[in-house]
Amino acid sequence: MKPIHDYVLLVEEAARYVREQFGAIPETAVILGTGLSGLASVADEESVLPYTDIPGFPELTVDSHQGTLIKGRLGGSQVLMLNGRAHLYEGYDAKEVTIPVRVLGSLGVKNLIISNACGAMNPAFSAGDIVMIEDHINLMGVNPLEGPNHLAWGPRFPDMSDPYDKELRALAYDAAMTEGIALSNGVYVSVVGPNLETRAEYRMLSRMGADVVGMSTVPEVLVANHMGMRVLAFSVVTDECDPDNLAPISIEDVLAAAARASDPLQRLIERVIARF
Ligand code: HPA
């Protein structure tokens, strides 16, 4: 077990570096997942830091994830954007993949908007749909809150009765109505990956109560809740996972479906931020 002290010092050093580079820190941050980095291009960028310059930030190994921290304007407000994330399947542990969220929390960020790509077991969902996550199941077998607890960050046994803020979800639903964007609700189950699931696994995930499945987000949500941040998360359906009619899924299909939802998701997030 690594001492928590070293980890806390690393996060504090990273937070200090970002504050030195960026100055005032906005209250809202957005994590841009697979195929959704387009949001970074619609924002008015003010400053950009490559993850490789920030102490402790993970080096990303997946082509579809860029690895830059951006300060800019979106929906009329200043925001931070994490353009790309690290995943457990890259070989990082749960504490390492959540360093960026720990840093956001240490910098005083209050609202965290998360996006990701997912497969949908719920037959009502189609590729390209946007699903607002209402709850989750952690099936990764690891937890970023394992080990000694740093009390200044949050409690030993954080409550998870409402990890996706009810008020923010209502606001997002309203924003979707205003923009004429179809928005579904669902339970997200997280797995380590990197393989997609077998038919038997999709069947099991569906029966255990999940609507969609993905390889990220839950560690970030646990850490954000631990630090008292309000979380809102959107999943873009990139593949339909009917165990009785499962077609092979390629990363190209996943990226194409994510790209299709990119425009409405950008509008939705901008509209939500404008209402904060
Ligand atoms: N399973 C797990 N993660 C995913 C999937 C999937 O089908 N699609 C996109 N991310």
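Provided above is the structure to which this section pertains.
Remember, predicted model here, so these are calculated numbers, not experimental data.

Asks: I'd like a description of helix 5 (residues 166–179), backed by residues and values.
Replies: With 14 residues, helix 5 extends 20 Å from end C-alpha to end C-alpha; this agrees with the ideal 20 Å at 1.5 Å per step. Along helix 5, the residues that are buried comprise Leu168, Arg169, Leu171, Ala172, Ala175 and Ala176. Buried positions in helix 5, seen along its axis, are confined to an arc of 160 degrees and lie on one side of it. Those residues of helix 5 that are exposed and aimed more than 90 degrees away from the buried face are Lys166, Glu167 and Met177. At its buried positions, helix 5 is contacted by strand 6 (130–138), strand 7 (183–190), strand 9 (230–240) and helix 8 (251–274). The N-capping residue of helix 5, defined by a side-chain oxygen 3.1 Å from the backbone nitrogen of Glu167, is Asp165. Gly180 sits one or two residues past helix 5 and shows a positive phi near 70 degrees.

Asks: Could you give an account of the nonpolar core, naming the residues involved and the relevant values?
Replies: One finds Val18, Phe57, Leu69, Val103 and Leu112 to be the most contacted residues of the largest nonpolar core, which totals 51 residues. At seven residues, helix 1 (residues 4–22) tops the list of elements feeding residues into this core. Beyond its immediate stretch of four places on either side in the chain, Leu112 contacts Ala29, Ile31, Val101, Leu104, Ala224, Met229, Arg230, Val231 and Leu232. Grouped together as the second largest cluster of nonpolar side chains are 29 residues, Leu74, Leu168, Ala172 and Ala261 included.

Asks: An account of the site of the ligand is requested, with residue identities and associated values reported.
Replies: Lining the immediate environment of the ligand, one finds Ala117, Cys118, Gly119, Leu196, Glu197, Tyr202, Val213, Gly214, Met215, Thr238, Asp239 and Cys241. At a separation of 2.6 Å, a nitrogen atom of the ligand approaches a polar side-chain atom of Glu197. Thr238 places a polar side-chain atom, nitrogen or oxygen, 3.5 Å from a nitrogen atom of the ligand. Contact with the protein chains covers 95% of the free accessible surface of the ligand, which is 260 Å². The dominant element in the shell around the ligand, judged by the number of residues it contributes, is strand 5 (residues 111–120), at three residues. Residues belonging to the shell around the ligand are distributed by class as follows: seven nonpolar, three polar and two charged.

Asks: Talk me through unusual backbone geometry; I want residue IDs and the actual numbers.
Replies: Across the junction of Gly193 and Pro194, the peptide omega takes the value 5 degrees, indicating a cis bond. The phi dihedral of Thr217 is positive, around 70 degrees, even though this residue is not glycine. Following the sequence through the fold, Thr217 ends up in the loop between strand 8 (212–214) and helix 7 (218–226). Take Thr217: its relative accessible area is 1%, and that puts it in the buried class.

Asks: For the packing of helix 1 against helix 4 (residues 99–106), give the residues involved together with the corresponding values.
Replies: Two numbers describe how helix 1 lies on helix 4: the axes approach to 9 Å, and their chain directions differ by 65 degrees. Our pair here, helix 1 against helix 4, has a crossing hand that is right-handed. Note on element contacts: helix 4 touches helix 1 through Ile99, Arg102, Val103 and Ser106, opposite Tyr7, Leu10, Val11, Ala14, Ala15, Val18 and Arg19. Here the residues of the contact of helix 1 with helix 4 sort into eight nonpolar, one polar and two charged.

Asks: Go over the pattern of salt bridges, please, and point to the residues and values.
Replies: This structure, assessed with the given rule, holds nine salt bridges. Between Arg267 and Asp263 there is a salt bridge, and its shortest N-O distance comes to 3.7 Å. In this pair, Arg267 and Asp263 are both assigned in helix 8, four residues apart and thus about one turn of the helix distant. Arg267 sits in the partly exposed class, given a relative accessible area of 32%.

Asks: Help me get a handle on the pairing of strand 3 (residues 68–74), residues and values and all.
Replies: Counting buried positions along strand 3 yields six of seven residues, so the element is predominantly enclosed. Note: strand 2 (residues 44–50) against strand 3, six bridges, orientation antiparallel. What sits directly across from Asp44, in strand 3, is Arg73.

Asks: An account of the packing of aromatic side chains is requested, with residue identities and associated values reported.
Replies: Counted according to the given criterion, the structure contains two aromatic pairs. Geometrically, the ring pair formed by Tyr51 and Phe57 is edge-to-face, given 5.2 Å between the ring centres and 70 degrees between the ring planes. What makes Phe57 buried here is its relative accessible area of 9%. Lying across the ring of Tyr7, Lys95 places its NZ or CZ 5.9 Å from the centre.

So, how was this worked out
- Residues numbered from 1 in each chain as written.
- Predicted model: local features only at pLDDT ≥ 70, side-chain atom pairs only at ≥ 80, totals over all residues.
- Heavy atoms only, no water.
- Helix = DSSP H or I, 4+ residues; strand = E, 2+ residues; numbered from the N terminus.
- Expected span 1.5 Å × (residues − 1).
- Buried < 20%, exposed > 50% of the residue type's maximum accessible area, 1.4 Å probe, protein only.
- Arc of directions from axis to C-beta.
- Contact = heavy atoms within 4.5 Å.
- Polar contact = N/O pair within 3.5 Å; in protein donor to acceptor, adjacent residues only side chain to side chain.
- Core = buried A, V, L, I, M, F, W, Y, C linked by side-chain atoms within 4.5 Å.
- Near = heavy atom within 4 Å.
- Areas by Shrake-Rupley, 256 points an atom, 1.4 Å probe, with all protein chains shown as cover.
- Nonpolar A, V, L, I, M, F, W, Y, C, P; charged D, E, K, R; others polar.
- Axes fitted to C-alpha atoms, helices over the stretch in contact; angles between N-to-C directions.
- Left-handed = near helix turned anticlockwise from the far one by under 90°.
- Salt bridge = Lys/Arg side-chain N within 4 Å of Asp/Glu carboxyl O.
- Pairing = 2+ DSSP bridges.
- Phe/Tyr/Trp six-rings, centres within 6.5 Å; stacked < 30°, edge-to-face > 60°.
- Lys NZ or Arg CZ within 6 Å of the ring centre and 35° of its normal.

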